[in-house]
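Fold and contact review
Here is how the chains run, residue by residue.
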Amino acid sequence: MPKSFTPALKKLLIEAGCYFERQGKGDHEIWFSPRTERRFVVDQAIKSRHTANAVLKQAGLPKAF
């Protein structure tokens, strides 16, 4: 089990055309998805596959974890 799903998650987001917009509060980042035309939050240390899949859903992508 990986320490954090965040690196693999960010790779999938970038491949799908999503991009980092700005730093949020604490260790969160605000990303934008051109598929859904919405912003969403990515934590720097996502330890749950359910949370990682929820971020993908917000970005308009299928589950990967």
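Please refer to the structure higher up on the page.
Let me sum up the structure you'll find in this document.

Definitions and limits used
- Residues numbered from 1 in each chain as written.
- Predicted model: local features only at pLDDT ≥ 70, side-chain atom pairs only at ≥ 80, totals over all residues.
- Heavy atoms only, no water.
- Buried < 20%, exposed > 50% of the residue type's maximum accessible area, 1.4 Å probe, protein only.
- Helix = DSSP H or I, 4+ residues; strand = E, 2+ residues; numbered from the N terminus.
- Arc of directions from axis to C-beta.
- Contact = heavy atoms within 4.5 Å.
- Polar contact = N/O pair within 3.5 Å; in protein donor to acceptor, adjacent residues only side chain to side chain.
- Core = buried A, V, L, I, M, F, W, Y, C linked by side-chain atoms within 4.5 Å.

So, about helix α2 (residues 49-58). Each turn of an α-helix holds 3.6 residues, which means side chains three or four residues apart point in the same direction. What α2 keeps buried is the set Ala52, Asn53, Val55 and Leu56. Seen along its axis, α2 keeps its buried residues to an arc of 155°; they face one direction. Exposed and oriented more than 90 degrees from the buried face of α2 are His50 and Lys57. Summarising the contacts, the buried residues of α2 are in contact with α1 (6-15) and β3 (38-43). Between the side-chain oxygen of the N-cap and the backbone nitrogen of histidine 50 there are 3.1 Å, and the N-cap of α2 in question is serine 48. One or two residues past the end of α2 sits glycine 60, with phi positive at roughly 85°.

Working note: non-glycine residues mostly have negative phi, and peptide bonds are mostly trans. The phi torsion at glutamate 37 lies on the positive side, around 55°, for a residue other than glycine. If you trace the backbone, glutamate 37 turns up in the loop between β2 (28-33) and β3.

This part takes up the nonpolar core. The biggest cluster of nonpolar side chains holds 14 residues, and the ones touching the most others in it are Leu9, Leu13, Phe40, Val42, Ile46 and Val55. Broken down by secondary-structure element, the contributors of at least two residues to this core are α1, β3 and α2. When residues of this core are assigned to their parent elements, the largest contribution, three residues, is made by α2. Apart from residues no more than four positions distant in its own chain, valine 42 is found in contact with Thr6, Leu9, Lys10, Leu13, Asp27, His28, Glu29, Trp31 and Val55.

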